[in-house]
Amino acid sequence: MNPVIERKQAKVHMAGRSSSIGRMAVRLAIYAFSLFLILGPISSLVIWSFAEKWFWPHTLPQQWGFLYWAKVFDGKMLHSLTLSFGIAFLVTLISILLCLPLSYLIARYRIPAKSVLLLIFLLPQAFPQLPVFTNAMVLMYKWDLVGTLTGVTLIHLVGALVFSVWTMVSVFQHISASLEEAAVNLGASRLRTFFTITLPMAVPGIIASSLLVFLYSLDEFTGSLLIGAPFITTMPVFMYNSAMGYEMQTASVTGLLLMLPGIVLLLLMQRFMKSEYMAAFGRG
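Analysis parameters
Residues numbered from 1 in each chain as written. Predicted model: local features only at pLDDT ≥ 70, side-chain atom pairs only at ≥ 80, totals over all residues. Heavy atoms only, no water. pLDDT = per-residue confidence, 0-100. Helix = DSSP H or I, 4+ residues; strand = E, 2+ residues; numbered from the N terminus. Contact = heavy atoms within 4.5 Å. Phe/Tyr/Trp six-rings, centres within 6.5 Å; stacked < 30°, edge-to-face > 60°. Buried < 20%, exposed > 50% of the residue type's maximum accessible area, 1.4 Å probe, protein only. 1 Å grid on protein atoms, 1.4 Å probe; cavity = no way out; pocket = protein on both sides within 12 Å on 5 of 7 lines; lining within 4 Å. Points joined across faces, edges and corners; volume = space filled by probe spheres on them. Nonpolar A, V, L, I, M, F, W, Y, C, P; charged D, E, K, R; others polar. Expected span 1.5 Å × (residues − 1). Arc of directions from axis to C-beta. Salt bridge = Lys/Arg side-chain N within 4 Å of Asp/Glu carboxyl O.

This part covers the confidence of the model for the chain. In the predicted model, the chain carries a mean pLDDT of 79, and 85% of its residues have values of at least 70. Put simply, helix H12 (residues 275–279) is where the chain has its lowest mean pLDDT, 47, and helix H3 (residues 77–108) is where it has its highest, 89. Taken as a whole, residues 275–284 scores under 50 in pLDDT and shows 18 contacts with residues more than four places along the chain or in a different chain.

Taken as a whole, this structure holds ten aromatic pairs when the rule is applied. Ring geometry for Phe 163 and Tyr 216: centres 5.4 Å apart, planes at 45°, overall tilted. Of the two residues, Phe 163 sits in helix H6 (residues 149–174) while Tyr 216 sits in helix H8 (residues 190–219), which places them 53 residues apart along the sequence. When its relative accessible area of 28% is taken as the criterion, Phe 163 is described as partly exposed. Note on Tyr 216: relative accessible area 13%, which makes it buried. With 5.2 Å between their ring centres and 85° between their planes, Phe 194 and Phe 195 make a pair best called edge-to-face.

Attention now goes to the layout of surface pockets. Here the largest pocket is characterised by a volume of approximately 150 Å³. Lining the largest pocket are Val 132, Phe 133, Asn 135, Ala 136, Leu 139, Met 140, Trp 143, Leu 145, Leu 154, Ile 155 and Val 158. Elements with a contribution of two residues or more to the lining of the largest pocket: helix H5 (129–142) and H6. Among the elements that make up the lining of the largest pocket, the one with the highest residue count is H5 (six residues). For the lining of the largest pocket, a count of residues per class yields ten nonpolar, one polar and no charged.

For H5, spanning 14 residues, the distance from its first C-alpha to its last is 20 Å, which sits close to the expected 20 Å at 1.5 Å a residue. Within the sequence span of H5, burial applies to Phe 133, Ala 136, Met 137 and Met 140. Down the axis of H5, the smallest arc covering the buried residues is 115°, so these residues share one side. Opposite the packed face of H5, turned more than 90 degrees from it, sit the exposed residues Asn 135 and Lys 142. Trailing H5 by a residue or two, Asp 144 shows a phi angle of about 60°, which is positive.

Taken as a whole and assessed by the stated rule, the structure comprises one salt bridge. Across the pair Arg 108 and Glu 180 runs a salt bridge, and its minimum N-O distance is 3.2 Å. In this pair, Arg 108 is assigned in helix H3 and Glu 180 in helix H7 (residues 177–185), connecting sequence segments 72 residues apart. Like Glu 180, Arg 108 is buried.

Following this line, the structure appears as structure tokens:
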């Protein structure tokens, strides 16, 4: 082969290799920066949760241990954790019972002003939460619901219904109506068709919607503080009280305990939430 051609091919090969190495270096830099943004705050929580003594100007704690983990579990935190999970489960169950038939009707039938109806469910998230929950608190004072489990559950439902309705409507819109029509033509009733055909096909979407609602209720802070305090102390409120008292170790332990269920549930939601549901999200 001609030496000139060989040199040109070698240069092209080296240029391609250098370009590939450059792209790989850029990807690695982006991945490293992303991991830093994600793991940086988490690593700070982990360090603070095990720090028994940490004073300036030391970079790391002088003394490590499980002292504050033991204090958290011996104190009121376990009650707040159980209460938060109980409220989230109750809010999720109520949302499913209320939104399942409503979402099916919105998705399947021509309802006058359907877009306006969906917009009404979206309104609580369209405005800052503080004025919305403050106005709700005024009404709940009249009904003697402030500081009660019922009041906290209702204030969680204000935001939870948004996720539940909009997600379930997109799920039912994704399911072909021709399957239901075929079952009806074969003699099945509308009710039997819903429970034997439509509902089983909608189960993954319903699970994803339930996980969204559960996570929202578990992490809800503003309404829980305004309506529940001082008698109903959920985990976010407990963490806020600890941070306001500069109890960094207690707040860090609480933050980690509140974060772990969210990570697990988000991984589950990724499994059940199909791209077809997201494509139909909000479709009228």
